[in-house]
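Structure assessment
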Amino acid sequence: MNQFNSPGWDFVAGIQPRISKLREDEFGTGRDWLAQAANQGWMSSSVFQNREVSQLSTQNWDARVTIEPFRDMRLDLDISRNYTQNHSQYFKDTLLDNNARFVHAIPQDIGTLTMSYSALKTLFRGDTADLRTLFKTFEDNRVIISQRLGNGEHVDTTLSKQGYTFGYGRTQQEVLIPAFLAAYTGQDPRGINLNLFELLPQINWRFTYNGLSRLPFFKEFFQSFSLTHGYKSSLTINTFNTGLDFLRTRDEGFLNELNNNFYPRLEVPELVIQEGFNPLIAVSAALKNGMSFNFDYKLTRNLAMSFVSNQLAETRRKEIVFGFGHKINDFDISSIFGKTKKKKRPAPKPPTTGGNPASTAIAPRGLDLQFNFSLSDDVTFNHLLDQGVREPTRGSYNLSISPSAEYKLNQRLSLRFFVDYRRSEPKTSAGYPRTDSSGGVVVRFALQ
């Protein structure tokens, strides 16, 4: 008895067969579930049946591991991959030559892909010469990828000097994607996976250590001392869709008339890689004498490769943040001006039974000093394929300095002196340098 005489237990259990087919011979006749179902008489042969068949499939990988080899030391590792595909097609009887013939009409796939990734090998190559070299490597990789896709055969006579094979020219998408990934991830174009959707997610991490204050040397001076380091990167395709012209088989030599390239099976308008050390190194400490400080250094990069305009928008950002604070308890500002020694303040009386100790105690005077400094360099370059053009399109150099001092006269009254200085210098001629500064005194009085 043929297994397709009835839908079977798979159908009853809700298990869906895979119906995403672009051509009748893509998976072989033995795996064309819709065609086999039509042969069993499960499909309507009415010519008025015009509803499309659709199937949504998702794949979500998410794994996290936390390692604590020592006390106060923690390493978090994670990988993720989210893939979504919505397949649709019209499967109907065309009644050609008075014979029932079911066909797959207008099959289309639309989806997204996001996964953890790593381009760490080229992240630190941020000099002007390195930026040009990386993009030039990307351009040179195309010949190698083209020969791999074309099996090194049928070299295009119009591009014989460059070595591109027939149908896989310099702007063919299936050539550009692996060539781009090989250049900016530091891989060999001769061994990189040519199928973007078969790439595996890679590990991101975050490291924290809070145990330095327990060591003998640090314990004497520091109340707390922590170190942080982390790397996070992702590869994103916001949308991809079926290239309908791909349905005309390549065996017929059907090419794009504009560039003599094969049409890709899936059209990917843009591929984005976001990565960065956030932070590369971060230090936060508090001393036993009331002082505290923090330091952060961040380095990020964003690569947005458009396969429509064939240009790369590369954004790089560096940022340094430093902060310092010092709290001085029982500080009398009159001593700065050389006044006579203040009288000894009487000790506060103990609270009465049932009273509120905070309402009767006299809060000591204190001074809180703060200093914050940040410096960032943010720039975006556009690289145009085969034109040797690399120009900044946006970006700025930013400096911020913010010192302040807050003096607490008593429990309810305090004075705060502050200065805020900001300087911005654009990286393009479209902008102009700007300086903003402000300062003043803030008086705070609490009624309760």
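Our structure's up above, just so we're on the same page.
Presented here is an overview of the structure given in this document. (Residues numbered from 1 in each chain as written. Predicted model: local features only at pLDDT ≥ 70, side-chain atom pairs only at ≥ 80, totals over all residues. Heavy atoms only, no water.)

Turning next to helix α4 (residues 173-185). In a regular helix each residue adds 1.5 Å, so 13 residues correspond to 18 Å; α4 covers 18 Å between its end C-alpha atoms and thus fits that length. Every buried residue of α4 is accounted for by Gln 173, Val 175, Leu 176, Ile 177, Pro 178, Ala 179, Phe 180, Leu 181, Ala 182, Ala 183, Tyr 184 and Thr 185. For α4, the secondary structure elements touched by its buried residues are α3 (128-149), β5 (222-242), β6 (266-267), β7 (270-287), β8 (291-306) and β9 (311-329). Here α4 starts with a cap whose side-chain oxygen sits 2.7 Å from the backbone nitrogen of Glu 174, and that cap is Gln 172. Immediately beyond the C-terminal end of α4, within one or two residues, lies Gly 186, with a positive phi of roughly 70 degrees. (Helix = DSSP H or I, 4+ residues; strand = E, 2+ residues; numbered from the N terminus. Expected span 1.5 Å × (residues − 1). Buried < 20%, exposed > 50% of the residue type's maximum accessible area, 1.4 Å probe, protein only. Contact = heavy atoms within 4.5 Å. Polar contact = N/O pair within 3.5 Å; in protein donor to acceptor, adjacent residues only side chain to side chain.)

Side chains that differ in sign of charge can pair as their charged atoms come close. A complete count under the given rule lists 18 salt bridges for this structure. The partner of Arg 301 in a salt bridge is Glu 275, with the nearest N and O atoms 2.4 Å apart. Of the two residues, Arg 301 sits in strand β8 while Glu 275 sits in strand β7, which places them 26 residues apart along the sequence. Across the salt bridge formed by Glu 406 and Arg 444, the nearest N and O atoms sit 3.8 Å from each other. A residue pair is termed long-range when its members are at least 10 positions apart, and Glu 406 in strand β11 (residues 389-408) and Arg 444 in strand β13 (residues 434-445) qualify at 38 residues. Judged by relative accessible area, Glu 406 falls into the partly exposed class, the value being 24%. Judged by relative accessible area, Arg 444 falls into the partly exposed class, the value being 44%. Several salt bridges share partner residues, and in doing so they unite Arg 317, Glu 319, Asp 378 and Arg 394 into one network. (Salt bridge = Lys/Arg side-chain N within 4 Å of Asp/Glu carboxyl O.)

Strand direction decides the pairing type here: strand β1 (residues 53-67) and strand β2 (residues 73-93), joined by 15 bridges, are antiparallel. Residue Val 65 lies in a different strand from β2, and its bridge partner there is Leu 77. Counted between consecutive antiparallel strands, the loop separating β1 from β2 contains five residues, among which Asp 72 sits at a positive phi close to 70 degrees. (Pairing = 2+ DSSP bridges.)

Turning next to the packing of aromatic side chains. Summed over the entire model, instances satisfying the criterion amount to 16 aromatic pairs. Consider the rings of Phe 166 and Phe 262, whose centres lie 5.8 Å apart with planes at 85 degrees: the pair is edge-to-face. Placement of Phe 166 in the loop between α3 and α4 and of Phe 262 in the loop between β5 and β6 is noted, with a sequence separation of 96 residues between them. Overall, Phe 262 belongs to the buried group, its relative accessible area being 9%. Between Tyr 168 and Phe 262, the aromatic rings sit 5.3 Å apart at their centres with planes inclined by 70 degrees, giving edge-to-face as the arrangement. Here Phe 262 lies in the loop between β5 and β6 and Tyr 168 lies in the loop between α3 and α4, a separation of 94 residues in the sequence. The pair Tyr 168 / Phe 262 is uniform in exposure class, with both members buried. An aromatic cluster is present here, built from Phe 217, Phe 218, Phe 221, Phe 222 and Phe 225 joined pairwise through their rings. Looking at Arg 81, its charged tip hangs above the ring of Trp 61, at a distance of 5.6 Å from the centre. Cation over ring: Arg 390 sits above Phe 381, and NZ or CZ is 4.4 Å from the ring centre. (Phe/Tyr/Trp six-rings, centres within 6.5 Å; stacked < 30°, edge-to-face > 60°. Lys NZ or Arg CZ within 6 Å of the ring centre and 35° of its normal.)

Bridge analysis of β2 against strand β4 (residues 204-209) gives six bridges, and the strand direction is antiparallel. The partner of Asp 76 across the bridge, within β4, is Arg 206.

In terms of nonpolar packing, the biggest core is built from 37 residues, with Phe 138, Phe 180 and Leu 181 touching the most fellow members. Those elements that provide at least two residues to this core are β3 (102-116), α3, α4, β5, β7 and β8. If we ignore the near neighbours within four places in the chain, the residues touching Leu 181 are Tyr 117, Ile 192, Leu 196, Leu 199, Leu 235, Leu 271 and Ile 273. Membership of the second largest hydrophobic core comes to eight residues, among which are Met 73, Tyr 209, Leu 212 and Phe 222. (Core = buried A, V, L, I, M, F, W, Y, C linked by side-chain atoms within 4.5 Å.)

So, to be careful, I would describe these as geometric facts and stop short of saying anything about function.
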